[in-house]
Amino acid sequence: MFSIPIFQNVYITSSRFLVRYTRSLFSDNHYRVGIVGSGPAGFYTAQRLLKLNSNVRVDIIERLPTPFGLVRYGVAPDHPEVKNVITNFTNLLKDTRCRFYGNISVGTDISLSQLFTYYSAIVLAYGADSDRKLEIPGENAKGFLSARRFVGWYNGLPEDVSLDVDLSSQTAVIIGQGNVAIDVARILLTPTEQLEKTDICNHALLALRESKIQRVVLVGRRGPLQVAFTIKELRELLKLKQITTLLTKEDHDFLEPIISTLPRGRKRLIELLYKTSRQSLHTETSNKCLEISYLRSPTIINTNTEGKINSITFEVNKLQDHNSINTKAIGTGVYETIECGIAFRSIGYKSIPILESVPFDNIKHVIPNERGKVTHLDGTLYKGLYCSGWIKRGPVGVIASTMNDAYETAERVHEDLTADTLQSFNTDFKLSDLIPEGHRMVNYTDWSSLDTEEVSRGGESKPREKITSIQEMIRIMNNK
Amino acid sequence: MNPELGLDNYSQKGAKTVNITFIDRDGDTFKVAAKVGDTLLDVAKENDIDVEGACGGTLACSTCHLIFEKVDFDKIPETATDEELDLLEMAYGLTDTSRLVCQIDVTDEMEGIVLKIPTETRDARNL
Ligand SMILES: Cc1cc2nc3c(=O)[nH]c(=O)nc-3n(C[C@H](O)[C@H](O)[C@H](O)COP(=O)(O)OP(=O)(O)OC[C@H]3O[C@@H](n4cnc5c(N)ncnc54)[C@H](O)[C@@H]3O)c2cc1C
Ligand SMILES: NC(=O)c1ccc[n+]([C@@H]2O[C@H](COP(=O)([O-])OP(=O)(O)OC[C@H]3O[C@@H](n4cnc5c(N)ncnc54)[C@H](OP(=O)(O)O)[C@@H]3O)[C@@H](O)[C@H]2O)c1
Ligand code: FES
């Protein structure tokens, strides 16, 4: 860390080795880059910048006391391998040129102009903390949940752990056919003996043990050719023990002649859907089941007298072009309903503006940019301001694509640093200088102690038991 | 054993090695000695080449995606499994000679192969 005061540079001039060492660490002029958000975009921007430019120091500023963004609060608990990426991120936090400042919400606890007085460049990598709405009647009904918040609930995101999740009915409907929808379906259907060994939160595990859900219906507005989930996730769902996947044969008949003409990214997925739809099903078992249904757009969330969801009305759609991947759905004026006691809206995350002075595209819900450098709405470049990850490209893409995107942003920052268009500094500073006294910031050591506590609470069977209250997190950090 | 391999092709610890070239994002070329039997991801990591390998070789991330020359691609003894192909479809900059290198062991036949880190940003699923 950079806590050694800069005057040591003068103090130790008698040792040649130390002079060189301190120069490289505290070279008179260095650039400071402040990165807002500690998800994959934040970390990969930091990683690439530190590699490209030895004169850069990076601070990662995070709203929550915990780092890693959706790797901690999005990635499903039964995907521990995906979370191995945390090892690489942690190595970065151990680098003396990279600091973590948690529990600081940019836009609330600190303003952009304040940050600019201390940083050469700011990279906004704050992800997508909201989600898209259907804008249909009944959307606020009890039991109609945002998939994003449900994910936050089972993963222990402090603001979502008290979500009212009632699993006492037989049927759950999920609207949308992306990978988040698949995650939600899998968590609802996986036998809890398997989830017990994951880092799923205890409150969610207890609720899922009592769950009465037997049938999950995944409803898309377009057809099988246009599904947004990927083959790995579909295959995983199909392999679930004691779960039957029900695909209507007729929905998939038209696919056979076109499979061989599809591009590589689609061909095997559609082939798997097609083959699954041909299989005879073991309906005699008492299996739970997953149904995949197409060409249905929700129009009303219906409720009982207590305002609780009891069914969803869908309009039946047809496609402008059956055989095209990029085709549109058109309503036919025919309606049908599916009865259910709980339903999820899983139609995409959405980024929100957090800083008034930063341009925001209110249609695409991203920060306008040119290869990661923020642009004003008239297209001119915003000096010193960059964006990375989901806030830059929209809420699509796996960690690998977010990484590649973050590298592009880091390269853009490096270009400007090399061209010497950004301010450099010759003194050290701590972000705490900008934060009002009494506000508990979280550093890497604090996070490590919380991490250790969570791993220990996980006991023998779970990799960790997440602490879900910010107050409790802080208490643990203070006591260590 | 390949009789053409001289003593030079043994690393200090005695394990047999072959020469492999990596071309990184910046277009820089690195020629390294790769131990036969190690995975290509291990080789990249050991030599500090920027191959991320985020999931630690557990076939869950696709950040170990590298592009082979066509002739070299055909030298890989094991073709990709269904699981590797599934994940490869999510990789960016996917080509016909792409592989996930955490799944590939170095063999004698790999002497002289060239591997490129993809730089294209196109998402394979957005075709
Ligand atoms: C449910 C779900 C499951 C997924 N599973 C997988 C998977 O299995 N494999 C895979 O490869 N990809 C998966 N992804 C995709 C992957 O999570 C994303 O590609 C990636 O997390 C996007 O990175 P990001 O850094 O842009 O955003 P995020 O990961 O969301 O990080 C943004 C960070 O910014 C912080 N922040 C927000 N506002 C502020 C503020 N005002 N001040 C400071 N900090 C702020 C947030 O708290 C957060 O930590 C999944 C996504 C979701 C939604
Ligand atoms: N295991 C993993 O790797 C994993 C897990 C979770 C998430 N992720 C990634 O995270 C990203 C986000 O996933 P996501 O599932 O939130 O988004 P997504 O992949 O964009 O899927 C959104 C789904 O919602 C549908 N939809 C959108 N608007 C709708 C509307 N008004 N009415 C009905 N349906 C509507 C879309 O259908 P249309 O196509 O018709 O618009 C699509 O099926 C993806 O890139 C995903 O791959 C990865
Ligand atoms: S390292 Fe993750 S798939 Fe190879």
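Residues numbered from 1 in each chain as written. Chains lettered and ligands numbered in written order. Predicted model: local features only at pLDDT ≥ 70, side-chain atom pairs only at ≥ 80, totals over all residues. Heavy atoms only, no water.

Draft legend 1. How the structure looks around the packing of helix α3 (residues 40-52) of chain A against helix α5 (residues 85-93) of chain A. Residues and elements named next belong to chain A. Axis separation between α3 and α5 bottoms out at 10 Å; the angle between their running directions is 50°. Looking at the two axes, α3 sits oblique to α5. Between α3 and α5 lies a crossing whose hand is left-handed. Of the residues in α5, those touching α3 at Pro40, Phe43, Tyr44, Ala46, Gln47 and Leu50 are Val85, Phe89, Leu92 and Leu93. (Axes fitted to C-alpha atoms, helices over the stretch in contact; angles between N-to-C directions. Helix = DSSP H or I, 4+ residues; strand = E, 2+ residues; numbered from the N terminus. Parallel < 35°, antiparallel > 145°, perpendicular 65-115°, else oblique. Left-handed = near helix turned anticlockwise from the far one by under 90°. Contact = heavy atoms within 4.5 Å.)

Draft legend 2. View of the site of ligand 2. Residue and element names in this part refer to chain A. Looking at ligand 2, there are 21 residues lining it, with Asn179, Arg221, Arg222, Glu233 and Gly397 nearest. Within the backbone of Val180, an N or O atom sits 3.1 Å from an oxygen atom of ligand 2. A distance of 2.8 Å is found between an oxygen atom of ligand 2 and a side-chain nitrogen or oxygen belonging to Arg221. Alone, ligand 2 offers 910 Å² of accessible surface; in the complex the protein occludes 83% of this. If you tally residues by element for the shell around ligand 2, the top one is helix α8 (residues 179-189), at three residues. Residues belonging to the shell around ligand 2 are distributed by class as follows: eight nonpolar, eight polar and five charged. Of the residues that make up the shell around ligand 2, three or more belong to each of domain 1 (4-129 + 351-442) and domain 2 (132-349). (Near = heavy atom within 4 Å. Polar contact = N/O pair within 3.5 Å; in protein donor to acceptor, adjacent residues only side chain to side chain. Areas by Shrake-Rupley, 256 points an atom, 1.4 Å probe, with all protein chains shown as cover. Nonpolar A, V, L, I, M, F, W, Y, C, P; charged D, E, K, R; others polar. Domains from an automatic or database assignment.)

Draft legend 3. Spotlight on the site of ligand 1. Residue and element names in this part refer to chain A. Around ligand 1 lies a shell of 34 residues, among which Glu62, Trp390, Gly397, Ile399 and Thr402 are the nearest. A distance of 2.9 Å is found between an oxygen atom of ligand 1 and a backbone nitrogen or oxygen belonging to Leu70. One of the backbone N or O atoms of Ile399 is found 2.8 Å from an oxygen atom in ligand 1. Calculation on ligand 1 without its partners gives an accessible area of 1,000 Å², and the protein chains cover 94% of this total. Elements that contribute at least two residues to the shell around ligand 1 include exactly α3, α8 and α15 (399-418). Considering only residue class, the shell around ligand 1 consists of 19 nonpolar, eleven polar and four charged. Looking at the shell around ligand 1, you find at least three residues from each of domain 1 (4-129 + 351-442) and domain 2 (132-349).

Draft legend 4. Up close: the sheet that holds strand β5 (residues 113-116) of chain B. Residue and element names in this part refer to chain B. On the basis of which strands lie adjacent, the open sheet formed by five strands has the order β2-β1-β5-β3-β4 and mixed pairing. With one partner strand each, in any of the chains shown, β2 (29-35) and β4 (98-100) form the two edges of the open sheet. Strand-to-strand twist across the sheet, computed as the mean angle between neighbouring axes with direction ignored, equals 35°. In this sheet, β5 lies alongside strand β1 (residues 17-23) in parallel orientation, the contact comprising four bridges. (Pairing = 2+ DSSP bridges.)

Draft legend 5. Quick peek at the UniProt feature "binding site: NADP(+)" (unreviewed entry) in chain A. All names here are of chain A. Per the UniProt annotation, the sites labelled "binding site: NADP(+)" (unreviewed entry) are Gln177, Gly178, Asn179, Val180, Arg221, Arg222, Glu233 and Gly397. Here Arg221 lies in the loop between β8 (215-219) and α11 (231-238). Relative accessible area serves as the criterion here: at 53%, Arg221 is assigned to the exposed category. Those residues in contact with Arg221, other than ones at most four positions away along the chain, are Leu295, Arg296, Ser297, Asn317 and Ala329. (UniProt positions renumbered as here; feature names shortened; annotations may be inferred. Buried < 20%, exposed > 50% of the residue type's maximum accessible area, 1.4 Å probe, protein only.)

Draft legend 6. View of the confidence of the model for chain B. Residue and element names in this part refer to chain B. With 83% of its residues at a pLDDT of 70 or more, chain B has an overall mean of 88. For the stretch residues 1-7, pLDDT sits under 50, and the model shows eight contacts to residues farther than four places along the chain or on other chains. Between residues 122-127, whose pLDDT stays under 50, and residues either more than four places distant or in other chains, the model counts 21 contacts. Interface predicted TM-score (ipTM) for the complex: 0.89; the corresponding pTM is 0.93. (pLDDT = per-residue confidence, 0-100.)

Draft legend 7. Region of the structure containing the environment of Asn19 of chain B. Residue and element names in this part refer to chain B. The topology assignment puts Asn19 in strand β1. On the basis of relative accessible area, Asn19 is assigned to the partly exposed category, the value being 27%. When the C-alpha positions of Asn19 and Ala33 are compared, they lie 4.7 Å apart, and in sequence the two are 14 residues distant.

Draft legend 8. How the structure looks around the interface of chain A and chain B. At the junction of the two partners, chain A supplies 31 residues and chain B supplies 35 residues. Both faces combined, the contact of chain A with chain B buries some 2,800 Å², and carbon together with sulfur accounts for 47% of it. The interface formed by chain A and chain B includes eight salt bridges. Linking Asp86 of chain B and Arg268 of chain A is a salt bridge whose minimum nitrogen-to-oxygen distance equals 2.8 Å. At the boundary of chain A and chain B, one finds 15 residue pairs in polar contact (both at pLDDT 80 or more). Every element with two or more residues in the side of chain A that touches chain B is listed here: α3, α5, α11, α13 (264-278) and α15 of chain A. If one sorts the elements of the side of chain A that touches chain B by residue count, α15 of chain A sits on top with seven residues. For the side of chain A that touches chain B, the residue count by class is ten nonpolar, nine polar and twelve charged. (Buried area = accessible area lost by both parts, 1.4 Å probe. Salt bridge = Lys/Arg side-chain N within 4 Å of Asp/Glu carboxyl O.)

Draft legend 9. Here's a closer look at helix α10 (residues 202-209) of chain A. Residues and elements named next belong to chain A. Three or more residues of α10 are buried, namely Ala204, Leu205 and Leu208. Seen along its axis, α10 keeps its buried residues to an arc of 100°; they face one direction. Among the structural elements, α7 (147-155), α8 and α9 (192-195) are those in contact with the buried residues of α10. (Arc of directions from axis to C-beta.)

Draft legend 10. Examining the packing of α7 of chain A against α8 of chain A more closely. All names here are of chain A. With their axes 10 Å apart at the nearest point, α7 and α8 run at an angle of 45° to one another. On the basis of their axis angle, the class for α7 and α8 is oblique. The handedness of the crossing between α7 and α8 is left-handed. Of the residues in α8, those touching α7 at Ala147, Phe150, Val151 and Tyr154 are Val180, Asp183, Val184, Ile187 and Leu188.

Draft legend 11. The packing of aromatic side chains, seen in detail. Residues and elements named next belong to chain A. What the rule picks out here adds up to 13 aromatic pairs over all chains. With centroids separated by 5.6 Å and ring planes inclined at 35°, the aromatic side chains of Phe43 and Phe68 adopt a geometry described as tilted. Placement of the pair is Phe43 in helix α3 and Phe68 in the loop between β2 (56-61) and α4 (70-73), with a sequence separation of 25 residues. The pair formed by Phe43 and Phe68 is uniform in burial state, with each residue classed as buried. Summarising the aromatic geometry, the rings of Phe150 and Trp153 are spaced 5.3 Å apart at their centres and angled 20° between planes, so their arrangement reads as stacked. Of the two residues, Phe150 and Trp153 are both situated in helix α7; the distance of three residues between them amounts to about one turn of the helix. Assessed through its relative accessible area of 0%, Phe150 is described here as buried. (Phe/Tyr/Trp six-rings, centres within 6.5 Å; stacked < 30°, edge-to-face > 60°.)

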